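Residues per chain, in single letters:
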Amino acid sequence: MQTYEGTIERILFDRTEIAEAIERLGRQIARDYAGQPLLLLGVLKGALYVAADLARAIARSPGGPSHLEMDFLVVSSYGNSTRSSGEVRMLKDTSENIGGKNVLIVEDIVDNGLTLSYLQALLSGRNPADLRSCVLFDKPYRRRVDVPIEYVGLVAPDEFVVGYGLDYQEKYRNLPYLAQLRSWVFSE
Ligand code: PRP
């Protein structure tokens, strides 16, 4: 994209690799929830694309849930910085009650793990029938908490990454691939 020209250091996963990872996750999830209802719970803003693409990958896969609902919540801990504040802020909670449901949290990325850990603790207190987590990009290098993740798409390198939903100062989310930015971008 013209606006971002010159600021991308390298592409880490192109659109084909991302699509293949999501198809793989869709097949696993369709198999594991075959014949059961499923609530996909996307964590915005970052998970906007993965939640939408994963829901359709599940629909294309053999077997699959008896029906699939989608809901979203909005949390933030990075603000405009490249470093997590360490404090997760809930900006918008779920619209539906999750009690008694099979809930699958859908995240774009897990890094220090605080966001997902916060959500798992919060949501498990609301008595879902089952609670699991699906993450498209895992950065396992700087965990501050141990967090169980049942479905992982791709392991990303230990770099600040953007694209496919992930931002730097709210930009780059619409890139169709995952990329590393040139370091001078952060010092501007
Ligand atoms: C990002 C991402 C995850 C979280 C992961 O969200 O979408 O929710 O950080 O990081 P952690 O494992 O280190 O907690 P962010 O707070 O940037 O908000 P956004 O989704 O609106 O971009």
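Everything below is about the structure shown above.
Reading guide: rules and limits
- Residues numbered from 1 in each chain as written.
- Predicted model: local features only at pLDDT ≥ 70, side-chain atom pairs only at ≥ 80, totals over all residues.
- Heavy atoms only, no water.
- Helix = DSSP H or I, 4+ residues; strand = E, 2+ residues; numbered from the N terminus.
- Rg over C-alpha atoms; globule rule 2.2 N^0.38 Å.
- Buried < 20%, exposed > 50% of the residue type's maximum accessible area, 1.4 Å probe, protein only.
- Areas by Shrake-Rupley, 256 points an atom, 1.4 Å probe, with all protein chains shown as cover.
- Core = buried A, V, L, I, M, F, W, Y, C linked by side-chain atoms within 4.5 Å.
- Contact = heavy atoms within 4.5 Å.
- Axes fitted to C-alpha atoms, helices over the stretch in contact; angles between N-to-C directions.
- Parallel < 35°, antiparallel > 145°, perpendicular 65-115°, else oblique.
- Left-handed = near helix turned anticlockwise from the far one by under 90°.
- Nonpolar A, V, L, I, M, F, W, Y, C, P; charged D, E, K, R; others polar.

### Remarks on the overall build of the protein
And then number 1: Within the protein, the secondary structure is distributed over four helices and nine strands.
And then number 2: Sequence-ordered secondary structure for the protein, helices as α and strands as β, is β-α-β-α-β-β-β-α-β-β-β-β-α.
And then number 3: By the compact-globule yardstick of 16 Å for 188 residues, the protein fits well, its C-alpha radius of gyration being 16 Å.
And then number 4: Principal-axis analysis of the C-alpha atoms gives the protein an extent of 50 × 35 × 25 Å.
And then number 5: Looking at the 188 residues of the protein, the share that counts as buried comes to 47%.
And then number 6: Taken as a whole, the protein presents about 9200 Å² of accessible surface, with 47% of it coming from carbon and sulfur.

### With respect to the nonpolar core
And then number 1: Formed by 31 residues in total, the largest nonpolar core has its most connected members in I29, L136 and F137.
And then number 2: Setting aside anything within four residues of it in sequence, one finds I29 in contact with L38, L54, I58, L104, C134 and Y151.
And then number 3: Grouped together as the second largest cluster of nonpolar side chains are 17 residues, V88, V103, I105 and L123 included.

### Notes on the packing of helix α1 (residues 15–32) against helix α2 (residues 48–60)
And then number 1: Orientation of α1 relative to α2, taken along the N-to-C sense of each, is 55°, at an axis distance of 8 Å. The pairing of α1 with α2 is recorded here as oblique in orientation. The two elements α1 and α2 meet at a crossing, and its hand is right-handed. In contact with I22, E23, L25, G26, I29 and A30 of α1, α2 contributes V50, D53, L54, A57, I58 and R60.
And then number 2: A class-by-class count of the residues in the contact of α1 with α2 yields eight nonpolar, one polar and three charged.

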